[in-house]
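Close look at the chain arrangement
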Amino acid sequence: MRPLKRAVLAGLVFAIPSLYAAEFSSHREPLEPLSMEVQLGVIATTGNTDSSALKGRATVKQDFRTWKNKYEFDALYKRDKHDGENETTAQKIFLSAQSDYKLSDENTSVFIFGSYKDDRFSGYDYQNTLAVGYSRRLFSDQHSFLDYNIGPGYSFNSTDAGGKEDVIIMHIEAEYEYNFSTEVKFTQMLGSDVAVEGNKNTLSKSESAITARLRDNLSMKAAYSITHNSEVFDEREKTDSTTSITLAYSF
């Protein structure tokens, strides 16, 4: 099955529990506002270096009285020209879905999380994660908040060489946001699927970003992202980084 088709199928499979939860909940209680943000960035250079890159992301959030759901899609595609021939140098797809059941305290919940990652140049054909655990907002005020998720999970991966790797993990994620004003905010996301066994791969990621609102629902976002695999193949680099500038539209 082609990578894109696998990604779409995996995304649907991961989203089913969340969609079911939302549908079940909506029969009993009114749906609160649905929010969505779409980002798109295109970078092209010509002259001594010819290259082009396309980055896109979509984030959808639902908030019910007892459930909240979050869906993410992230993609990066880059081509460079070497010796007169175009060559693909980056091709990444990431899908995730998370459903949280709110506890008595509105800032605490239990969650189920699923993700699918396809990075053509990582040495892995795909990397999948399923996890359950506990979520909490550590603090919040009029300018900022800090959330975290933690819980056990299971990672099942396939390498480009056809090898299979099943790993018990601890899924950890934190998200911090600070609003300098109503127009400008800083966000920091840190996440890691930590392998319980020392000789297995731990996948970690980070994104630091500044978002500035241009007008109404349109913003510009500058971000620096890092992905790190503790175990790599064929002398590949363990760490990949991406600097991006995208336009974001929220509705």
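The paragraphs below set out a description of the structure included in this document.

About the cut-offs
- Residues numbered from 1 in each chain as written.
- Predicted model: local features only at pLDDT ≥ 70, side-chain atom pairs only at ≥ 80, totals over all residues.
- Heavy atoms only, no water.
- Helix = DSSP H or I, 4+ residues; strand = E, 2+ residues; numbered from the N terminus.
- Contact = heavy atoms within 4.5 Å.
- Patch = residues over 30% accessible without salt bridge, like charges linked within 9 Å, V, L, I, M, F, W, Y side chains within 5 Å.
- Areas by Shrake-Rupley, 256 points an atom, 1.4 Å probe, with all protein chains shown as cover.
- Salt bridge = Lys/Arg side-chain N within 4 Å of Asp/Glu carboxyl O.
- Pairing = 2+ DSSP bridges.
- Buried < 20%, exposed > 50% of the residue type's maximum accessible area, 1.4 Å probe, protein only.

The next thing to look at is the environment of Phe111. Considering the arrangement of structural elements, one finds Phe111 in strand 5 (residues 108-119). In contact with Phe111, other than residues within four places in its own chain, are Gln98, Ser99, Asp100, Ala131, Val132, Gly133, Tyr134, Ser135, Asn149, Ile150, Gly151 and His171.

A cluster of nonpolar side chains, contributed by Leu40, Val42, Leu54 and Tyr77, occupies part of the molecular surface with about 370 Å² of accessible area. By the element assignment, Leu40 lies in strand 1 (residues 35-45).

Moving on, we come to the pairing of strand 2 (residues 51-63). Each regular strand carries side chains that alternate between the two faces of the sheet. Relative to strand 3 (residues 67-82), strand 2 runs antiparallel, the two being bridged by 13 bridges. The residue of strand 3 that forms the bridge with Val60 is Tyr71. Where strand 2 folds back on strand 3, the antiparallel hairpin that results is connected by three residues.

Note that strand 5 and strand 6 (residues 124-140) share 10 bridges and pair antiparallel. Residue pairing across strands places Val110 opposite Tyr134, the latter belonging to strand 6. Between the antiparallel neighbours strand 5 and strand 6 lie four residues, among them Gly123 with a positive phi of about 95°. Relative to strand 7 (residues 144-159), strand 6 is paired through 13 bridges, and the arrangement is antiparallel. By the bridge assignment, Phe139 is partnered in strand 7 with Leu146.

Its identity as a non-glycine residue notwithstanding, Asp216 has a phi of 45°, on the positive side. By the secondary structure assignment, Asp216 is in the loop between strand 10 (203-215) and strand 11 (218-229). When its relative accessible area of 58% is taken as the criterion, Asp216 is described as exposed.

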